[in-house]
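Residue-level listing of the chains:
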Amino acid sequence: MLLLLLGCVPAGVYGLRFDGSMPVNSEFAAVGGVFPGSTGKDLPLGDTLVTGLQVRQRVTRDVAVEVAGGVAPASGEDALAGSVEIEVQGRILRDAPVTVSLTGGLNAYGQVDADSLMFGADVGAVVSRGLPGDLRPFAAVKLNPMYAPGDGIYPWFQYGGGLSWRPELVEGTRGLVALEASGYHGFGANVLDDTDIVTWGVMMQLGASFGSGRSQE
């Protein structure tokens, strides 16, 4: 069961899903991705598809709160898995010459019909740069240890990057299209005999950011 859990963490956890840009005010996005299997000594894991929804609310000029949830079929099984996440995103440097942001949050993951529930915390950093044409390339790293009650802690290290496009649709409204690729390194606990797991995937966001009286930047 734990091998299965480590191989399938759905959209609430999978994906960077943050390009270093603040929403105009409130932002809504649909997210989806594919993670074509993984490699690990004696621990091959099946293909995983993820889909979910994400909402971000700007709190101050440089701070936003994000809430996300996702579902996915479990790797190697037909059972449904799901997760929820809350994360604080804050900029500490604004396009001078790059934007540097920090993230921190909590998440939970469960699998239907498997009597399983895991809890996690994540911290990360994002480097991005606003370009002409409302484009923003970004790169990020994130550490996401997951705790399985009664079993142990399973740290995941995530790294990757992508490109977002946030065109102004009408005054106070910006669209959102983002594509990213990211890799994942799962560090085993004792029950896994310290065997690491490596996987990767791609994810897309489609949405819009709404509000008035605040600049996106």
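Higher on the page you've got the structure.
Residues numbered from 1 in each chain as written. Predicted model: local features only at pLDDT ≥ 70, side-chain atom pairs only at ≥ 80, totals over all residues. Heavy atoms only, no water.

Colleague: Outline the nonpolar core, supporting the account with residue identities and numerical values.
Modeller: Formed by 15 residues in total, the largest nonpolar core has its most connected members in Tyr14, Phe35, Val50, Met118 and Met203. Contributing elements (two or more residues each) for this core: β1 (26-35), β9 (146-148) and β14 (197-210). In this structure, Phe18, Ala64, Val126 and Ala140 belong to the second largest nonpolar core, which totals seven residues. (Core = buried A, V, L, I, M, F, W, Y, C linked by side-chain atoms within 4.5 Å. Buried < 20%, exposed > 50% of the residue type's maximum accessible area, 1.4 Å probe, protein only. Helix = DSSP H or I, 4+ residues; strand = E, 2+ residues; numbered from the N terminus.)

Colleague: Explain unusual backbone geometry residue by residue, including any values.
Modeller: For the bond running from Ala96 to Pro97, omega is -5°, close enough to zero to count as cis. You can see Pro97 is positioned in the loop between β5 (80-93) and β6 (99-111). In this model, Asp95 sits at a positive phi of 45°, which is unusual for a non-glycine residue. The exposure class of Asp95 is partly exposed, given its relative accessible area of 29%. We note that Asp134 has phi near 65°; this positive angle belongs to a residue other than glycine. For Asp134, a relative accessible area of 35% puts it in the partly exposed group.

Colleague: Pulling in residues and values, what's your account of the side chain of Asp19?
Modeller: Checked against the element boundaries, Asp19 lands in the loop between α1 (2-7) and β1. Engagement of the side chain of Asp19 in a polar contact is seen with the side chain of Ser164, the distance being 2.6 Å. A polar contact is formed between the side chain of Asp19 and the side chain of Arg166, at a distance of 2.9 Å. With residues near it in sequence (within four places) discarded, Asp19 still touches Val126, Ser128, Arg136, Phe138, Ser164 and Arg166. (Polar contact = N/O pair within 3.5 Å; in protein donor to acceptor, adjacent residues only side chain to side chain. Contact = heavy atoms within 4.5 Å.)

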